[in-house]
Amino acid sequence: MEIARYLAMTADEFATAPPIPERKAWMACHFSPYSTTLSNLPEAMPANSLLILDDSTPPSGQDLKAVAAILETILKKHKCSGLLLDFQRPDCPMTQEMAQALITLPFPVCVSEFYAKSLDCPIFLPPLPLTIPLTDYITPWKDRKIWLDTALSCEKITVTEKGSTFTPLTTIPDHSLADKELHCHYRIQQTNDSFVFTLHRTKQDLSDLLAEAEAFGVEAAVGLYQELK
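If you're wondering where the values come from, they're calculated on a predicted model, not measured in any experiment.

Colleague: Give a detailed account of the nonpolar core, specifying residues and quantitative values.
Modeller: With 51 residues, the main nonpolar core has Leu51, Leu53, Leu71, Leu83, Leu85 and Leu102 as its most contacted residues. A total of five residues in this core trace back to one element, the largest contributor, which is helix H2 (residues 64-77). In this structure, Leu71 is in contact with Leu38, Leu51, Leu53, Leu83, Leu102 and Leu105, ignoring residues within four places of it in sequence. Within the second largest apolar cluster, 13 residues are counted, among which are Leu50, Ile52, Phe124 and Trp147.

Colleague: How would you summarise the pattern of salt bridges if you had to cite specific residues and measurements?
Modeller: For the structure on display, the rule yields one salt bridge. As a salt-bridge pair, Glu72 and Lys76 come within 3.1 Å of each other at their nearest N and O atoms. One end of the pair is Glu72 and the other is Lys76, both in helix H2 and four residues apart, which spans about a single turn.

Colleague: I'd love a proper account of the sheet that holds strand S11 (residues 177-179), names of residues and values included.
Modeller: The strand order across the open sheet formed by five strands is S10-S9-S13-S12-S11, and the pairing between neighbours is antiparallel. Each edge of the open sheet carries a strand with a single partner, namely strand S10 (163-168) and S11. On average, each strand axis in the sheet is tilted by 25° relative to the strand beside it, whichever way the strands run. Where strand S12 (residues 184-190) meets strand S13 (residues 195-200), six bridges bridge the pair, whose relative direction is antiparallel. Considered in S13, the bridge of Tyr186 is made with Leu199.

Reading guide: rules and limits
- Residues numbered from 1 in each chain as written.
- Predicted model: local features only at pLDDT ≥ 70, side-chain atom pairs only at ≥ 80, totals over all residues.
- Heavy atoms only, no water.
- Core = buried A, V, L, I, M, F, W, Y, C linked by side-chain atoms within 4.5 Å.
- Buried < 20%, exposed > 50% of the residue type's maximum accessible area, 1.4 Å probe, protein only.
- Helix = DSSP H or I, 4+ residues; strand = E, 2+ residues; numbered from the N terminus.
- Contact = heavy atoms within 4.5 Å.
- Salt bridge = Lys/Arg side-chain N within 4 Å of Asp/Glu carboxyl O.
- Pairing = 2+ DSSP bridges.
- Axes fitted to C-alpha atoms, helices over the stretch in contact; angles between N-to-C directions.

In short, geometric facts, not functional conclusions.
Rendered as structure tokens:
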């Protein structure tokens, strides 16, 4: 089955972005700090869009039944393809309770790795690390439906006699070497006391990665519109 590729967009991007071939994802509904339900709800979405609920504002006294009813109404009204619970704050009992309740909605509901382990639902995995082959990354979840977060990651690895340090980078350097198994580009520099490996995933690397992910049965991929447009 072809992998569904979504680009997550803000409300402004939904309103102003030109038509794009990829499916859109609403980024994102939040737990309201001022009520017992949600905020930043979409007023209009194309059919087959993905609705995202995150926990950037942690839940606090939310009414589970009311939240579920609101989300089900939106999913039906806009003919959404599913709901992604992008919960990134670990170890919150109310968030776990929320995830357990919302996966019963009559739509595909995917839950982030922090809260999906004990649930019967698709699992949303973080972006593939630059140093791990895809098959090794998803093998622990081979019996689950998998959705994959995607990003143009960049990282510096400094290796000395004392060990290795890993540093995320925001400025992407030029790379001349490619690793087809890891789906990234890289360069190696030697200093007086270290070797420095700089790895980066390009848009083409990401496209190749998703082709492999599709072959492994990964169902969906979600990335940021502002990064991948």
